[in-house]
Amino acid sequence: MPKKPTKTATIPPEAAPAKMKTGKTKAETVKIAKAKAVKAKSAKAKASNAKSLKAKAGGKVKAAPRFAPVPPLDPDAPDARVMDRLWSTIIARKNADPLISHSARLLSRGVNKVAQKFGEESVECLIEAVAGNHEALIAESADVLYHLLVMWVAVGLRPEDVWSELKRREGISGIAEKSARPVMLSIAETRKIP
Ligand SMILES: N=c1c2ncn([C@@H]3O[C@H](COP(=O)(O)OP(=O)(O)OP(=O)(O)O)[C@@H](O)[C@H]3O)c2ncn1[C@@H]1O[C@H](COP(=O)(O)O)[C@@H](O)[C@H]1O
């Protein structure tokens, strides 16, 4: 069978856009020139803005603070050391009478029950947070921390184990830490809110 001639689209020379010496069409050259002019204008504006800022700051350009100022803590208010004291109280209750100590009662029921209580208190805490109930959130937060400490006692964790871990993380941005995680972890399927 004779081969069918293949059709090729040919543009008549008069319809093709005229090429400049650079190999670009006139329209392309004008477009590039316009983009260059806009870039140069914005660089000039930036430089002049920086110059006027420098003049306003008396010759010194101050970098904007990266984080909000920290409200000072009340030196006379109770602080987080209450957590250490509470842990000591709870561990001292470990073998106490469950009829006179709530901690002893919880601990006597085993780690599963303790963990379940911690989970319940956490949910109650987040409900108050979402509802915006400030006072109730304070009370629920205290419940969460108490039950967290009971859980530490139940599994044999000491507060300093956790404080050390927090100290180790000090100054390490969560953003930087997350991006340094192995790729397999970051692409693992999760339903967590990012
Ligand atoms: N911080 C707390 C603390 N916070 C909450 N709770 C108790 O936790 C209990 C939570 O009540 P829930 O009804 O939610 O739970 P539940 O009574 O176990 O009910 P179930 O789920 O078992 O049915 C209440 O009895 C609270 O009083 C606490 N109990 C004790 N402490 C501290 O622990 C110390 C030692 O307490 P005792 O172990 O009781 O001597 C105390 O001096 C406090 O400093």
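It should be emphasised that the depicted structure is a prediction, and the values quoted were computed from it without experimental measurement.

(A) Region of interest: the overall build of the protein. Check the secondary structure of the protein and you find eight helices and zero strands. When the elements of the protein are put in sequence order from the N terminus, they spell out α-α-α-α-α-α-α-α. At a minimum sequence separation of 6, the contacts of the protein that also span at least 24 residues come to 49%. Carbon and sulfur atoms provide 63% of the accessible area of the protein, an area that totals close to 16900 Å².

(B) Quick peek at the site of the ligand. Taken together, 13 residues lie near the ligand, and Arg93, Ser101, His102, Ser103 and Lys117 sit nearest. In the complex, the protein chains occlude 54% of the 850 Å² of accessible area that the ligand would expose alone. Contributions of two or more residues to the shell around the ligand are made by α2 (81-92), α3 (102-108), α4 (111-131) and α5 (134-155).

(C) Here's a closer look at a nonpolar patch on the surface. On the surface, a cluster of nonpolar side chains totalling about 390 Å² of accessible area is made up of Val123, Leu126, Ile127 and Val130. As for its placement among the helices and strands, Val130 is situated in helix α4. The exposure class assigned to Val130 is exposed, which follows from its relative accessible area of 72%.

(D) Layout of the packing of α4 against α5. Packing of α4 against α5 leaves a shortest axis separation of 8 Å and a crossing angle of 160°. Judged on the interaxial angle alone, α5 and α4 are roughly antiparallel. Crossing hand, α4 versus α5: left-handed. Between α4 and α5, the contacting residues are Val111, Val114, Ala115, Lys117, Phe118, Glu121, Ser122, Glu124, Cys125, Glu128 and Ala129 on the first element and Ala136, Leu137, Glu140, Ser141, Asp143, Val144, His147, Leu148, Val150, Met151, Ala154 and Val155 on the second.

(E) Molecular detail of the side chain of Ser103. Counting through the fold element by element, Ser103 comes out in helix α3. Those residues within four positions of Ser103 in sequence are excluded, and the remaining contacts are Ile90, Arg93 and Tyr146.

(F) A look at the nonpolar core. In terms of nonpolar packing, the biggest core is built from 13 residues, with Ile90, Leu149 and Val150 touching the most fellow members. Of all the secondary-structure elements, those providing two or more residues to this core are α2, α3 and α5. In contact with Leu149, other than residues within four places in its own chain, are Met83, Leu86, Trp87 and Ile90.

(G) Here's a closer look at α2. With twelve residues, α2 should cover 16 Å at 1.5 Å per step; its first-to-last C-alpha distance of 17 Å lies within 8% of that length. On its buried face, α2 sits against α3, α5 and α6 (159-169).

(H) View of the packing of α2 against α5. Between α2 and α5, the shortest axis-to-axis distance is 9 Å and the interhelical angle comes to 50°. Here α5 runs oblique to α2, going by the angle between their axes. Pair α2 / α5 crosses with right-handed handedness. Mapping the contact onto sequence places Met83, Leu86, Trp87, Ile90 and Ile91 in α2 and Leu145, Tyr146, Leu149, Val150, Trp152 and Val153 in α5. The residue makeup of the contact of α2 with α5, split by class, is eleven nonpolar, no polar and no charged.

(I) Up close: the packing of aromatic side chains. Taken as a whole and assessed by the stated rule, the structure comprises one aromatic pair. For the ring pair Trp152 and Trp163, a centre distance of 5.7 Å and an interplane angle of 70° mean the geometry is edge-to-face. Within this pair, whereas Trp152 is found in helix α5, its partner Trp163 is found in helix α6, the two being separated by eleven residues in sequence. Classification of Trp152 by relative accessible area gives buried; the value is 7%. The exposure class assigned to Trp163 is partly exposed, which follows from its relative accessible area of 29%.

About the cut-offs
Residues numbered from 1 in each chain as written. Predicted model: local features only at pLDDT ≥ 70, side-chain atom pairs only at ≥ 80, totals over all residues. Heavy atoms only, no water. Helix = DSSP H or I, 4+ residues; strand = E, 2+ residues; numbered from the N terminus. Contact = heavy atoms within 4.5 Å. Areas by Shrake-Rupley, 256 points an atom, 1.4 Å probe, with all protein chains shown as cover. Near = heavy atom within 4 Å. Patch = residues over 30% accessible without salt bridge, like charges linked within 9 Å, V, L, I, M, F, W, Y side chains within 5 Å. Salt bridge = Lys/Arg side-chain N within 4 Å of Asp/Glu carboxyl O. Buried < 20%, exposed > 50% of the residue type's maximum accessible area, 1.4 Å probe, protein only. Axes fitted to C-alpha atoms, helices over the stretch in contact; angles between N-to-C directions. Parallel < 35°, antiparallel > 145°, perpendicular 65-115°, else oblique. Left-handed = near helix turned anticlockwise from the far one by under 90°. Core = buried A, V, L, I, M, F, W, Y, C linked by side-chain atoms within 4.5 Å. Expected span 1.5 Å × (residues − 1). Nonpolar A, V, L, I, M, F, W, Y, C, P; charged D, E, K, R; others polar. Phe/Tyr/Trp six-rings, centres within 6.5 Å; stacked < 30°, edge-to-face > 60°.

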